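Chain by chain, the residues run as shown.
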Amino acid sequence: MAKLTLQDLDVAQKRVFVRVDYNVPMEEKDGKMVINDSTRIKETLPTLRLLISRGARIILAAHLGRPKGKREPTMSLQPVAALLGEMIGKPVAFVDDCIGPKVAAAVSALKPGDLLLLENVRFYNEEEANDPAFAGKLASVADAYVNDAFGSAHRAHASTEGVARVIASRGGKCAAGLLMERELQYLGRELENPARPFVVILGGAKVSDKINVIDRLLEKADSILIGGAMVYTFQLALGHKVGKSLSEPDKKDVALAALDKARKRNVQFLLPTDDIVATAVDTGKLNKKGKPVIEFQNVRLRAGGDIAANELGLDIGPATSKRYAEIISQARTILWNGPMGLFEDKRFATGTLAVAQAVADATAKNHAVSIIGGGDSVKALNQSGLGSKVTFMSTGGGASLEFLEGQVLPGVAALSDK
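Since we're looking at a predicted model, the values are computed, not measured.

Caption draft 1: Layout of the overall build of the protein. Check the secondary structure of the protein and you find 15 helices and 17 strands. Relative to the globule expectation of 22 Å for 418 residues, the C-alpha radius of gyration of the protein, 23 Å, shows essentially globular dimensions. Taken along the three principal axes of its C-alpha coordinates, the protein extends 70 × 50 × 35 Å. By residue count, 52% of the 418 residues in the protein fall in the buried class. In the protein, the proportion of contacts linking residues at least 24 apart, taken out of those at least 6 apart, comes to 74%. Accessible surface computed for the protein: about 18,500 Å², of which carbon and sulfur atoms make up 50%.

Caption draft 2: Spotlight on the sheet that holds strand β15 (residues 333-337). With parallel pairing, the 6 strands of this open sheet are ordered in space as β11-β10-β9-β15-β16-β17. Two strands bound the open sheet, and with one partner strand each, they are β11 (268-270) and β17 (392-393). Pairing of β15 with strand β16 (residues 369-372) involves 4 bridges; the strand directions are parallel. Across the sheet, the residue bridging to W336 is I372, located in β16. Packing of helix α8 (residues 207-217) onto the sheet brings it into contact with β9 (198-202), β10 (223-226), β11 and β15, and relative to β9 it is tilted by some 170°.

Caption draft 3: Structural view of the packing of helix α5 (residues 132-139) against helix α6 (residues 158-169). Across the interface, α5 lies against α6 with an axial gap of 8 Å and an inter-helix angle of 75°. It follows from the interaxial angle that α5 and α6 lie roughly perpendicular. When α5 is examined against α6, the residues F134, A135, G136, L138 and A139 are found in contact with a partner set consisting of A158, S159, G162, V163, V166 and I167. Looking at side-chain class alone, the contact of α5 with α6 contains 8 nonpolar, 3 polar and no charged residues.

Caption draft 4: Layout of the environment of I58. Its location among the elements puts I58 in strand β4 (residues 57-61). In this structure the C-alpha to C-alpha distance between I58 and R15, which are 43 residues apart in sequence, comes to 6.1 Å. When near neighbours in sequence (up to four residues on either side) are disregarded, I58 contacts V16, V18, L48, L51, I52, L110, D114, L115 and L116.

Caption draft 5: The arrangement of helix α11 (residues 318-329) in detail. In this model α11 runs 16 Å from its N-terminal to its C-terminal C-alpha over 12 residues, within 8% of the 16 Å that 1.5 Å per residue would give. Along its buried surface, α11 packs onto β9, β10, β11, β14 (311-316), β15 and α12 (350-365).

Caption draft 6: Main features of the packing of helix α1 (residues 39-53) against helix α2 (residues 78-88). Two elements in contact, α1 and α2, have axes whose closest approach is 11 Å; the angle formed by their N-to-C orientations is 65°. For the pair α1 and α2, the sense of crossing is right-handed. Note on element contacts: α2 touches α1 through V80, L83, L84, M87 and I88, opposite I41, K42, L45, L48, R49 and I52. Its residues assigned to classes, the contact of α1 with α2 shows 9 nonpolar, no polar and 2 charged.

Caption draft 7: Here's a closer look at the environment of A262. Tracing the backbone through its elements, the reader meets A262 in helix α10 (residues 252-264). Judged by its relative accessible area of 3%, A262 falls in the buried class. Taking C-alpha positions, A262 is 9.6 Å from A221, a pair spaced 41 residues apart along the chain.

Scoring rules and cut-offs
Residues numbered from 1 in each chain as written. Predicted model: local features only at pLDDT ≥ 70, side-chain atom pairs only at ≥ 80, totals over all residues. Heavy atoms only, no water. Helix = DSSP H or I, 4+ residues; strand = E, 2+ residues; numbered from the N terminus. Rg over C-alpha atoms; globule rule 2.2 N^0.38 Å. Buried < 20%, exposed > 50% of the residue type's maximum accessible area, 1.4 Å probe, protein only. Contact = heavy atoms within 4.5 Å. Areas by Shrake-Rupley, 256 points an atom, 1.4 Å probe, with all protein chains shown as cover. Pairing = 2+ DSSP bridges. Axes fitted to C-alpha atoms, helices over the stretch in contact; angles between N-to-C directions. Parallel < 35°, antiparallel > 145°, perpendicular 65-115°, else oblique. Nonpolar A, V, L, I, M, F, W, Y, C, P; charged D, E, K, R; others polar. Expected span 1.5 Å × (residues − 1). Left-handed = near helix turned anticlockwise from the far one by under 90°.

In C-alpha cells form, the structure reads like this:
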C-alpha cells in the first residue's frame, strides 16, 4: 500500500513530530562526548529543510545507544542538537526530557521554521515496550507525524509506531520523510522488477542472518555472489574442512537447500574459489569489552581445497575478486549487503574494496542501479571513497534485511495510506 509522503502534508504553522535516526557513534574526549560520524544527521537535512521552508514547527525525537530506561549522560542527545544547528545553519533548541511540562513549554515557544530536539526517548523503558500511555504523552504536543528513521522502522516502539497510531486516531496525518521515501523506493519498488542482469552480492558472518534474504532473492536474481564468513557454512555443507573459520555447522542443511533452489531456478550461485587465510593467536590480553585480543599471523593465499585445522578464512582471494568483478560489470541492477571479509584489517580488505570498485564502475559505465543494503557495506564504501559513486546507500542495517525478506516494518505500516 502506498503511504503518504512529506510532499502530501500541509505543515504550515503545525507542530510536526519527526522521528529521526540520530543513533550516531560517539566517544568521550576531554570530558565531553564527541560525535565521530555525522552521516545519519546529514541524511535528515533534506527533510528538515523542506519542513522549515513550509513553516512547520519541528519536534525531533530519536534514540541513542541502549540506556535501558535509565538516564545515561554519555547517551544524551545534547551534542547532536549542537552539531545539527551547525549543519543546518540555524539554532536547534534542546530539552532534557521527551515528555512532560518542560517539553510542552518548549514546543509552545516554537515559531514556524523552528527546531526542537527532545532528549533520548530510550531513557524511558516505555519507549521500547511501545507503552500506549507513553506514546500518548509523546504525541500530545504534535499535530502531524513524519518518520524519517528507516533504520528503526523494524521496531514497534512508541516513537516509531505508537505515536503515529495516536496521531492518526485523532485525524492527524502520518507520512514518510524524504529519506524514508527513498529507502522504500530503492529497497522496494526498484527491486520489484529489476533491470537485468540483476546481481546480488551477499557477505557478512552468518548464513542464519541472511538465509531469508537469500531465499527471497533467489526468486528474482540472475546471479548471487557470496563472500564473508558465511562462505564457510556453505563449504562445510559441501564436505570441505574449514579449520577455525567462523561457520554454523547446524545450518548446513539450510545452505544445501539454498544451493538446490539456485540450481532449480537456474540462478548463478557463486562461492569463492580462493581466499586469504591466517592463523589466529590468542595474545592473552583483553580488549575494552573484556574479550580476548586475537592476532592474525601467517597470512597467505589459499587456492582451494580444505583449510588447515589451525587456520581460518578472512577474505576472498584475487581470482574470486576478478570473477565477481566480471559478473558485476555486466549488471544493470546490483544489490550489495555485507563485506567480503574482515575489511577493518587492511590485510583482509582487498576483496571488499575490489567489489566496491566493481559496483562503482558498473554504476558509471552501465548506468546500473546500485543499492547498498546498509551496515558494514556502507562503511566499506565510505572508507574507500566510493560512497558517492553508487545509486543509493541504505541507512538501515536490520531494517534493510527485514524489508528485503518481505517482512512488514511496523514503522512503515503505521503511516497513513494514500
